[in-house]
Amino acid sequence: MAIAGPRAERILDVVPASGRDIILVLDLSGSMEREDFDLDGEQVSRLVAVQSVGSHFVRGRTGDRVGLVVFGDRAYVAAALTHDVSAVARVIETAQIGVSGKSTAIADGLGLAMRRLSERQAKSRVIVLLSDGQDTSGAVDPVAAALKADTMGMRIYTIALGPDGLETAPRSRDAVDSEVLRQIAGAADGEAFRVRTTEDLAVVTDAIDLLEPSLADAPPIRAWQEYWPWLAGASFALLAAALILQARETA
């Protein structure tokens, strides 16, 4: 029976690492308080809309290592890169306006994300930038920062939030500079998305899922539980017992 090699298939409840690092760079400037998004029939702020869709997006990145950088006047790491995507999603859900100032330092947010990604040797390094404003307080040109990211092998996706853009409402204080965000994405081999509604935001996160496939839907890992060692051990034990009995009978 041991020679026959009996075994049983097992499905392992684990997901392999994708080798991809993703950092979300989230704008927490004062304009994110503006309530011009509709979520489940209720008027909500831009931040609430991003928290709802962004946390769902992060929870679906099983197998990736995900982090979060937030910025206003300055940028800081709100969640270090980790495979614990649920923990990062919870940080997104509890983010608050004003913790990093109320201006919009896009380049600072990108720069901090780039530094964190440069510390890792992941085979794929991605930045997802969500902003609803214009770069107003950064000391570095955000497009120049994106060009640097490209030379470092990083890809940047940008999401321009809000109904008004500088091209259609140049005098609006809360208009998003979607052209600069397009340039940032183009400079770092990514894609730029324009979001005016919560539905647009959900479509964008689905699109990024397709561009950067998650392992959440990957086939399960299959392994085999081998039983022959137990049978072989039992046979040797019986053989040893038989030899001992035979020795006693002939003694």
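The notes below deal with the structure included here.

Criteria and cut-off values
Residues numbered from 1 in each chain as written. Predicted model: local features only at pLDDT ≥ 70, side-chain atom pairs only at ≥ 80, totals over all residues. Heavy atoms only, no water. Buried < 20%, exposed > 50% of the residue type's maximum accessible area, 1.4 Å probe, protein only. Helix = DSSP H or I, 4+ residues; strand = E, 2+ residues; numbered from the N terminus. Pairing = 2+ DSSP bridges. Core = buried A, V, L, I, M, F, W, Y, C linked by side-chain atoms within 4.5 Å. Contact = heavy atoms within 4.5 Å. Patch = residues over 30% accessible without salt bridge, like charges linked within 9 Å, V, L, I, M, F, W, Y side chains within 5 Å. Areas by Shrake-Rupley, 256 points an atom, 1.4 Å probe, with all protein chains shown as cover. Salt bridge = Lys/Arg side-chain N within 4 Å of Asp/Glu carboxyl O. Axes fitted to C-alpha atoms, helices over the stretch in contact; angles between N-to-C directions. Parallel < 35°, antiparallel > 145°, perpendicular 65-115°, else oblique. Left-handed = near helix turned anticlockwise from the far one by under 90°.

### Focus: the pairing of strand β5 (residues 65-71)
In the case of a regular strand, side chains alternate between the two sheet surfaces.
Step number 1: Of all seven residues that make up β5, seven are buried, and the element is covered over most of its length.
Step number 2: Alternating residues of β5 divide into Arg-65, Gly-67, Val-69 and Phe-71 and Val-66, Leu-68 and Val-70, and every residue in both groups is buried.
Step number 3: The sheet contact formed by strand β2 (residues 20-27) and β5 spans seven bridges and is parallel. By the bridge assignment, Asp-27 is partnered in β5 with Phe-71.
Step number 4: Note that β5 and strand β6 (residues 75-82) share five bridges and pair antiparallel. Among the inter-strand pairings, Val-70 is bridged to a residue of β6, identified as Tyr-76.
Step number 5: Following β5, the chain reverses through three residues before pairing antiparallel with β6.

### A word on the nonpolar core
Step number 1: Counting 35 residues, the largest nonpolar core has Leu-24, Leu-26, Val-58, Val-128 and Ile-159 as the members making the most contacts within it.
Step number 2: For this core, the element with the highest residue contribution is helix α1 (residues 46-59), accounting for six residues.
Step number 3: Each residue touching Leu-26, except ones within four places of it in the same chain, is listed here: Met-32, Leu-47, Val-50, Leu-68, Val-69, Val-70, Phe-71 and Leu-130.

### Quick word on a nonpolar patch on the surface
Step number 1: Together, Phe-236, Leu-239 and Leu-243 line one region of the surface with nonpolar side chains, adding up to about 330 Å² of accessible area.
Step number 2: Note that Phe-236 resides in helix α7 (residues 228-250).

### Quick word on the environment of Gln-183
Step number 1: Mapped onto the fold, Gln-183 is located in helix α5 (residues 178-187).
Step number 2: Along the sequence, Gln-183 and Ala-144 sit 39 residues apart, while their C-alpha atoms lie 9.7 Å from each other.

### Some details on the sheet that holds strand β8 (residues 154-161)
Step number 1: With mixed pairing, the six strands of this open sheet are ordered in space as β6-β5-β2-β7-β8-β9. The strands lining the two open edges of the sheet, one partner per strand, are β6 and β9 (192-195). In this sheet, adjacent strand axes meet at a mean angle of 15° when their direction is disregarded.
Step number 2: Relative to β9, β8 runs parallel, the two sharing four bridges. Among the inter-strand pairings, Leu-161 is bridged to a residue of β9, identified as Val-195.
Step number 3: Relative to the sheet, α5 contacts β7 (124-131), β8 and β9, its axis offset from that of β8 by approximately 165°.

### What to know about the side chain of Thr-158
Step number 1: Along the chain, Thr-158 turns up in strand β8.
Step number 2: Of the residues examined, Thr-158 reaches a relative accessible area of 1% and is grouped as buried.
Step number 3: Dropping the residues within four chain positions of it, Thr-158 is found in contact with Leu-129, Leu-181, Arg-182, Ile-184, Ala-185, Glu-191, Ala-192 and Phe-193.

### Observations concerning the pattern of salt bridges
Step number 1: Per the stated rule, a full pass over the model turns up 11 salt bridges.
Step number 2: Ionic pairing is found between Asp-64 and Arg-61, a salt bridge with its closest N-O pair at 2.8 Å.
Step number 3: Asp-64 gets classed as buried once you look at its relative accessible area, which sits at 0%.
Step number 4: Arg-61 gets classed as buried once you look at its relative accessible area, which sits at 1%.
Step number 5: Here Glu-179 ties to Arg-182 by a salt bridge, and the two come within 2.8 Å at their closest N and O atoms. Separated by three residues within a single helix, Glu-179 and Arg-182 lie in helix α5, roughly one turn from each other.
Step number 6: Using a relative accessible area of 37% as the deciding quantity, one classes Glu-179 as partly exposed.
Step number 7: Overlapping salt bridges, with partners in common, bring together Arg-20, Arg-61, Asp-64, Arg-155, Asp-209 and Glu-212 in one network.

### What to know about the pairing of β8
Step number 1: The element β8 is extensively covered by neighbouring structure, given that seven of its eight residues are classed as buried.
Step number 2: Across seven bridges, β7 lies against β8 in parallel orientation. Paired with Val-126 across the strands is Arg-155, a residue of β8.

### Here's the deal with the packing of helix α3 (residues 106-118) against helix α4 (residues 142-151)
Step number 1: Axis separation between α3 and α4 bottoms out at 8 Å; the angle between their running directions is 15°. On the basis of the axis angle, α3 is roughly parallel to α4. In terms of crossing hand, the pair formed by α3 and α4 is left-handed. Of α4, the residues touching α3 (which contributes Ile-106, Ala-107, Leu-110 and Met-114) are Pro-142, Ala-145, Lys-148 and Ala-149.

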